[in-house]
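Observations on chain architecture
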Amino acid sequence: MKTTRFVKVLLLSSALLMMAAPTYAASSQKVSNTVSATFTVKPVTPSFVLKWVGDDELLDTLSPQTVNSGDSRNVTVRAITSQVYTNVELKFTITRTDGTTMQNGDVELAEYVEGSLGNAETGSVNGIGDLVIFSDFYPSISTPGQDFKYNLKFNTAGEYVIKVVAIKVPS
């Protein structure tokens, strides 16, 4: 029986593969079907954002407060942070909407500490007629953030705009 050249090559290559298979299997080279991937992760930029807490919403600005003498308003400020911040205090700047100069004692700020109202701060008037009151010093504000509750007592009737910023105090 005569075999073609193609069949001879096919039989020979099959025989070589059969002989090499046990040698390859015994060579301790592992065959793997896993896939490797490399990812580049951009670091998160540190952030510290203050928001006023409204009725079921966070506000960038607090609406102007129209009050009579002796009125009080409870406000909550939320610090939203991406990392732990240390040595922070909040700076409240209070102005009248009619542009008249504020006076020391027009507004008092007291913080709620463990449900009780702390000592009131009256602040001082800056060079442009705004009343500036600093909160208590906070040694640490952790992530994802913290709520600060205050009571504002208005000793003079009027319409007031209240702004707040966080300040890092040098240690």
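Relevant structure appears above.
Residues take numbers from 1 onward in each chain, read along the sequence in its written order. In view of the model being predicted, local features appear only for residues whose pLDDT reaches at least 70, and side-chain atom pairs are presented and counted only at 80 or more, with totals across whole chains, interfaces and linings using the full set of residues. Hydrogen atoms and water are omitted, and side-chain values are computed over all heavy atoms in the structure.

Things to note about the pattern of salt bridges
Defined as follows: The salt bridge criterion pairs a side-chain nitrogen of Lys or Arg with a carboxyl oxygen of Asp or Glu, the two atoms within 4 Å. Type-normalised accessible area, obtained with a 1.4 Å probe on protein chains alone, sets the label of each residue: buried when under 20%, exposed when over 50%, and partly exposed for intermediate values. Strands are runs of DSSP state E lasting at least two residues, helices are runs of H or I lasting at least four, and both sets are numbered from the N terminus onward.
In total, this model carries three salt bridges according to the counting rule given. Between aspartate 60 and lysine 51 there is a salt bridge whose closest N-O contact spans 2.2 Å. We classify aspartate 60 as exposed; its relative accessible area is 60%. Linking aspartate 147 and arginine 78 is a salt bridge whose minimum nitrogen-to-oxygen distance equals 2.6 Å. Residue aspartate 147 is located in strand E11 (residues 145–154), and its partner arginine 78 is located in strand E4 (residues 72–81); the two are separated by 69 residues in the primary sequence.

As for the layout of surface pockets
Rules: A 1.4 Å probe that fits into a set of points on a 1 Å grid over the protein atoms alone but cannot get out defines a cavity; an open set with protein on both sides within 12 Å along at least five of seven lines defines a pocket, and lining residues are those with an atom within 4 Å of a point. Grid points are joined across faces, edges and corners, and a volume is the space filled by probe spheres set on the points. Residue polarity is assigned by list, with Asp, Glu, Lys and Arg as charged and Ala, Val, Leu, Ile, Met, Phe, Trp, Tyr, Cys and Pro as nonpolar; anything else, Gly included, falls into the polar class.
Its volume calculated, the largest pocket comes out at about 170 Å³. Forming the walls of the largest pocket are Trp52, Val53, Gly54, Asp55, Glu57, Leu59, Leu62, Gln65, Arg73, Asn74, Val75 and Thr76. If you list the elements that add at least two residues to the lining of the largest pocket, you get strand E1 (48–53) and E4. A per-element tally of the lining of the largest pocket places E4 first, with four residues. Looking at the lining of the largest pocket residue by residue, the class counts come to five nonpolar, four polar and three charged.

A look at the packing of aromatic side chains
Aromatic ring pairs are reported here in terms of the distance separating the ring centres and the angle at which the planes meet. The criterion, for reference: For this analysis, a ring pair means two rings from Phe, Tyr or Trp (six-membered ring only for Trp) whose centres lie within 6.5 Å, classed as stacked if their planes differ by under 30 degrees, edge-to-face if by over 60, and tilted for the remaining angles.
Within the structure shown, the criterion is met by five aromatic pairs. Between phenylalanine 48 and tyrosine 85, the aromatic rings sit 5.1 Å apart at their centres with planes inclined by 90°, giving edge-to-face as the arrangement. One end of the pair, phenylalanine 48, is in strand E1; the other, tyrosine 85, is in strand E5 (residues 85–96), and 37 residues separate them in sequence. Phenylalanine 48 sits in the partly exposed class, given a relative accessible area of 23%. The exposure class assigned to tyrosine 85 is buried, which follows from its relative accessible area of 16%. When the ring of phenylalanine 92 is compared with that of tyrosine 150, the centres are 5.0 Å apart and the planes differ by 75°; the resulting orientation is edge-to-face. Here phenylalanine 92, found in strand E5, pairs with tyrosine 150, found in strand E11; they are 58 residues apart in sequence, far enough to count as distant. In this structure an aromatic cluster arises from ring pairing among Trp52, Phe92 and Tyr150.

Thoughts on a nonpolar patch on the surface
Convention followed: For patch detection, residues must exceed 30% relative accessible area and be free of salt bridges, and they are connected within 9 Å for like charges or within 5 Å for nonpolar side chains (Val, Leu, Ile, Met, Phe, Trp, Tyr). Residue-level accessible areas treat just the shown protein chains as cover; the underlying method is Shrake-Rupley with a 1.4 Å probe.
Residues Phe6, Val7 and Leu11 make up a contiguous nonpolar surface patch of about 320 Å² in total accessible area. Look at valine 7 and you get partly exposed, because its relative accessible area is 35%.

Some thoughts on the sheet that holds E11
Applicable threshold: DSSP-based pairing: two strands are paired if at least 2 bridges between them are found.
Strand order across the open sheet formed by six strands is E2-E1-E4-E11-E6-E7, with antiparallel pairing between neighbours. Since the sheet does not close on itself, it has two edges, and those belong to strand E2 (58–59) and strand E7 (116–117), each with one partner. Alignment of E1 against E4, held across five bridges, turns out to be antiparallel. Of the residues in E4, the one forming a bridge with lysine 51 is arginine 78.

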